[in-house]
Every structure is written in C-alpha cells, then in structure tokens.
Amino acid sequence: MSLVGCPRLLRWLAWLAIFSTCKAAPKAPSQPSAAASNFEPIVIRFSDPGNGGTSVFAYARHEGIFERELAKVNAKIEWVPGAQAFSANFDAMNAGAINASGGAISPIVGALSHNLKFKIFSIADPAAMNQAGILVPATSTIKDVRELVGKRVAVNLAAHGDYMLLKALANANVPASAVERVNIQPPDAAAAFATGKIDAWSTFGVFYNTAVRNGARVLLTESDIHSDDVSITAANVEILEKNPAAFQEFIRITSQLVDLAHRSPELFQNVFTDKGPNALAGDDLRLAVEYARELPKPRVPTAADRGRVANVAKIFVANKSIDRDIAVDEIVFDVDEAARRKGLAP
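Read on for an overview of the structure.

Right, let's get into the side chain of Asn209. Position of Asn209 relative to the elements: it lies in helix α8 (residues 205–213). Ignoring any residue separated from it by four or fewer positions in sequence, one finds Asn209 in contact with Gln131, Asp284 and Leu287.

Next comes the structure, spelled out in structure tokens:
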C-alpha cells in the first residue's frame with residue numbers, strides 16, 4: 001500500500017516504534033544541537049532509494065528519519081538520483097555527487113581497482129538470494145551452467161553479476177575463459193537480453209525480477225552458489241574519517257528500521273506512489289513484502305565478514321576482473337575504531 005495514503009496514526013505509530021517520540025511524518029530536519037558541534041560537519045549524499053521495495057531507505061526518506069537523527073551528530077543527508085545498481089553510479093561517485101550507497105561487496109572491490117575512494121562501513125548476512133542469479137531466454141536450449149561454454153553472458157564486470165557468474169562457473173569446474181563475459185550495466189543489459197543479443201544474463205534485484213516476469217528462465221539463483229557477495233553500505237573515505245560517529249548512527253538507524261520492516265513490511269512498499277511504472281504490484285509486491293520481512297540487520301564488519309570480502313576480491317583478481325590484489329584493509333572501514341581514535345561517541 002502507499003504510505004502517502006496511509007492514515008496518519010499508522011505513520012505515527014511506526015515512528016514511535018523506532019524512536020519513542022511523538023513525531024509524525026515528515027517534518028523539517030532538526031537543527032544541530034550544542035552537543036552536535038562536537039562532531040565535524042558532513043553531508044552524506046546517498047543514492048536515492050526510489051519508491052521502496054528492497055530496502056528501508058525510501059520509507060526513511062519519506063519520514064525524514066535520517067535527517068532528524070543525523071543532525072544529532074552534525075551530519076546531513078541528501079538523496080541523489082541514481083541507477084539501481086552500485087556499479088552504474090561510478091561516474092556520480094567519482095564526481096562526488098554520490099558519496100554513500102548501498103550495494104554488495106563485489107562492486108566496491110571493482111570500484112577500488114579503478115581508484116574510487118569508497119570503503120565498506122556496514123555489512124549484513126545473505127538475503128534475497130532467490131532474487132538474483134543467471135537467466136536464459138525462455139526458448140534457450142541451455143539447461144546447465146556447463147552449457148554456457150562458448151556463450152555470451154551479460155555481466156556488470158567486477159560487480160555483482162560478474163561475481164555470480166564466476167562463482168557458478170568455479171563451482172561447476174568450468175574455466176571463466178571458456179565463457180564470453182559481455183560487460184553491460186544492468187539497465188542496458190535488459191534490452192540486449194530481450195532482443196537476443198546475449199545468450200544469458202547474470203543479474204539481480206529489479207532487473208532479475210522484471211526479466212523473470214517477462215518470461216526469462218532461471219538457470220540458477222544466487223542461493224545455489226554459496227555466495228559471499230552479501231549486502232553492504234559504503235561511503236567515501238574522506239567523510240568516513242571526518243565523522244565516523246555519523247556512520248555509527250547510520251547503522252543504528254538502519255538496524256531499527258529493519259526491526260520495523262520485520263513487523264510491518266508493507267510500510268516499506270510503494271512509499272511515494274502506488275501507481276505507474278515505479279510502483280510494485282502482484283508478484284513483485286508480494287516478493288518485496290516477503291523480502292522486507294526477512295531483511296538482515298547491518299553491522300560493523302566482523303572478522304568473518306572480512307573473510308567474505310577477501311573471497312570476493314580473490315575470485316576477481318584470479319579471473320582478471322580486476323588488475324591487482326586488493327587488501328581487505330583497503331576495502332573495509334571500522335567506524336567504531338575510527339570513532340574511538342577521535343574520542344567520539346554518538
């Protein structure tokens with residue numbers, strides 16, 4: 001249902017459940033308090049979450065939640081239009097138009113190989129792995145990953161689609177060199193797939209769901225490949241170092257929003273509109289509600305998480321998706337340790 005059309009009481013109760021205040025939907029951002037002046041000012045320019053579906057950020061934007069809470073640590077947030085794929089936003093990130101975004105481990109690794117100054121500051125357990133995978137046209141004779149040998153497969157190189165294909169091929173003992181990886185960003189790959197210019201497509205999220213709805217056949221899902229490429233949030237290193245407490249707060253707010261999504265997943269769908277091409281309906285809406293009910297909670301990366309990051313980097317360098325080894329410390333940022341060094345606490 002559309003949050004715009006929800007009763008004011010429902011929005012008030014949702015906000016109360018998160019922060020135990022009587023503030024209802026959206027108000028002007030809070031002004032920094034005297035205590036906030038202890039923190040260096042930053043502006044987080046986050047990739048726009050759209051109308052909801054697979055994250056908590058559209059609801060948070062509608063309610064002004066991050067605006068209010070981040071003000072306590074002298075931070076602001078701006079929502080910047082972008083593609084619904086981390087790797088498709090590289091130009092905006094390099095230009096500084098976007099300095100924080102959700103995504104997966106793989107595109108961060110790929111971006112760092114091209115000198116993007118981002119690091120992962122939060123990570124979550126695997127989720128929605130049945131909404132990503134390798135697709136073939138309905139009329140394709142391909143029945144098994146081994147039959148991709150000699151075929152053209154669309155991937156976003158050194159990002160999530162590329163990782164899933166490489167992992168699937170490795171599991172099947174098929175050398176990556178036996179398959180032609182065609183580097184196309186997901187928004188453009190949809191047209192190439194629909195017109196038969198590629199034999200298969202390794203993709204995810206709305207691109208995967210739309211293709212399946214339009215008749216694509218699932219060769220395998222990400223849940224079949226024992227993926228290490230889990231969800232993350234990353235930001236520009238400069239603002240992470242400048243005010244790590246803001247990103248501790250970011251993780252805390254997101255975690256509380258996930259708790260609410262588990263209880264009331266419908267709140268997070270069709271946040272700004274329930275009509276038109278950006279609205280979910282039917283099976284897409286049902287899947288999004290199911291996903292929101294099981295969203296994993298973010299955390300500062302642990303030692304085990306750092307192992308996942310290392311595994312993703314290793315498969316990329318082994319298959320020449322990136323041209324150099326990248327140490328985990330170049331990829332992961334510990335906001336807790338950084339805040340301690342600066343003597344900060346949110």
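More follows now that the structure is in view.
Every buried residue belonging to helix α7 (residues 186–194) is among Pro186, Ala189, Ala192 and Phe193, and all of these are buried. Buried residues along α7 cover an arc of 105° about the axis, so they all sit on one side. Those residues of α7 that are exposed and aimed more than 90 degrees away from the buried face are Asp188 and Ala194. Packing partners of the buried residues in α7 comprise β5 (132–136), β6 (152–155), β8 (200–204) and α8. In the segment just after α7, Gly196 is the residue with positive phi, at about 75°.

With the rule as written, the count across this model stands at 21 salt bridges. Residue Asp125 is joined to Arg299 by a salt bridge in which the shortest nitrogen-to-oxygen separation is 2.8 Å. With a gap of 174 residues between them, Asp125 in the loop between β4 (118–123) and β5 and Arg299 in the loop between α11 (282–293) and α12 (303–318) connect regions that are remote in the sequence. A residue is classified by how much of its surface remains accessible, and Asp125, at 38% relative accessible area, is partly exposed. What makes Arg299 partly exposed here is its relative accessible area of 23%. A salt bridge links Lys297 to Asp259, with the shortest nitrogen-to-oxygen separation between them at 3.2 Å. Of this pair, Lys297 sits in the loop between α11 and α12 while Asp259 sits in helix α10 (residues 244–263), placing them 38 residues apart in sequence.

Conventions and cut-offs
- Residues numbered from 1 in each chain as written.
- Predicted model: local features only at pLDDT ≥ 70, side-chain atom pairs only at ≥ 80, totals over all residues.
- Heavy atoms only, no water.
- Helix = DSSP H or I, 4+ residues; strand = E, 2+ residues; numbered from the N terminus.
- Contact = heavy atoms within 4.5 Å.
- Buried < 20%, exposed > 50% of the residue type's maximum accessible area, 1.4 Å probe, protein only.
- Arc of directions from axis to C-beta.
- Salt bridge = Lys/Arg side-chain N within 4 Å of Asp/Glu carboxyl O.

By themselves, these are just geometric observations and shouldn't be taken as functional.
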